[in-house]
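# Architecture at a glance
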Amino acid sequence: MRPLIFILTLALVGCSTPPPPAPVQAESGPAPLVPPYPTVEEVAVQTPAKPAPTASWTAISDFKGQPLVGGASVIEYKIGRERHSFQLQIVVFDDRQFDLKVIDQPEDWSGGNRLTDCMRAAAAVAGVNGGFFTPEFKPMGLMIASGKRTGTWQTGPLLTGAVVVTSQPQLLWNADVNPEGASELLQAGPRLVDGGQAVAGLDAKKRSTRTFIANDGGSQWLLGLAHDITLSELAELLTTPGVMPAFTVNRALNLDGGHSSALYFRTNDGREHTHPGWSTVRNYLGIVPK
């Protein structure tokens, strides 16, 4: 097993991989309109307990990196902990080169394959599914897409932060959010990482696919999917030194996950790669070149 740091270096330098296969499409079958999103019990902060000894994280696959249009990159890899493997797909980008865009998707029966059309229309080079939505297919919390407001501001144990774009993207907690002047805004939660530390009390039992966004406190960002993982494990993974490719997470926020989780990216050769979710979602987060 090569040291993790060495493998990470190869991921960022060795991006000249051969063209990947054609876009992956979702399996056929009925898709629920509204996937089950985390319950209050799942995300509510519990009474803090003494932290258990941290088990080591071990790379169990090479890091496959590909450059994207405009200077972003996508990295896919697997990492192990306590006899369990976790697959990650992350898009790394710099907000000096890209803007974050909330992409509204109001068609309640459009299906997961709507992802590609939405990203093309927004001229995005990559993107993921966005925030939670209600059984009536309305955004849960406040959404601002290209200056248009939908939904209302909410607080509680689930919606604890927001992606906010004014002159530049920001990852803010509820107490710091001022929707006035925002061109893009998306409420989500729960918080995963704050000040480089894993948030205490996150659920440690329910494993699912998780979609998340993270920032290093400066201009570097991640959009990612982590598969078959609990919220607590994801927070720990994001704060373990050397686990994220050349990236130190300062803040991270959970987005909608489970059946909603979806990823799109466009490589330097112009090929589109689509990993659609199983269900219709109300919005997406895309990165768009400035």
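A brief look at the structure comes next.

Quick notes on the rules
- Residues numbered from 1 in each chain as written.
- Predicted model: local features only at pLDDT ≥ 70, side-chain atom pairs only at ≥ 80, totals over all residues.
- Heavy atoms only, no water.
- Phe/Tyr/Trp six-rings, centres within 6.5 Å; stacked < 30°, edge-to-face > 60°.
- Helix = DSSP H or I, 4+ residues; strand = E, 2+ residues; numbered from the N terminus.
- Buried < 20%, exposed > 50% of the residue type's maximum accessible area, 1.4 Å probe, protein only.

### A few points about the packing of aromatic side chains
Each aromatic ring pair is summarised here by two numbers: the centre-to-centre distance and the angle between the ring planes. Applying the stated rule across the entire model yields four aromatic pairs. Judged by centre distance (5.5 Å) and plane angle (50 degrees), the rings of W57 and F86 are tilted. Residue W57 is found in the loop between helix 2 (40-43) and strand 1 (58-59), and its partner F86 is found in strand 4 (residues 84-94); the two are separated by 29 residues along the sequence. Like F86, W57 is buried. Consider the rings of F93 and F98, whose centres lie 6.3 Å apart with planes at 80 degrees: the pair is edge-to-face. Judged by its relative accessible area of 1%, F93 falls in the buried class. What links up through ring pairs into an aromatic cluster is the set F93, F98 and W221.

### Topic: unusual backbone geometry
For residues other than glycine, phi is negative in most cases, and the peptide bonds are mostly trans. Geometrically, the link from G189 to P190 is a cis peptide bond, its omega value of 0 degrees lying close to zero. Take P190: it is sitting in the loop between strand 11 (184-188) and strand 12 (191-194). Positive phi values are uncommon outside glycine, yet A123 reaches one of about 60 degrees. Structurally, A123 is set in the loop between helix 3 (114-121) and strand 6 (126-129). You will see that S146, though not glycine, has its phi angle at about 55 degrees, which is positive. Summarising the element assignment, S146 is placed in the loop between strand 7 (143-145) and strand 8 (148-150). Relative accessible area serves as the criterion here: at 51%, S146 is assigned to the exposed category.

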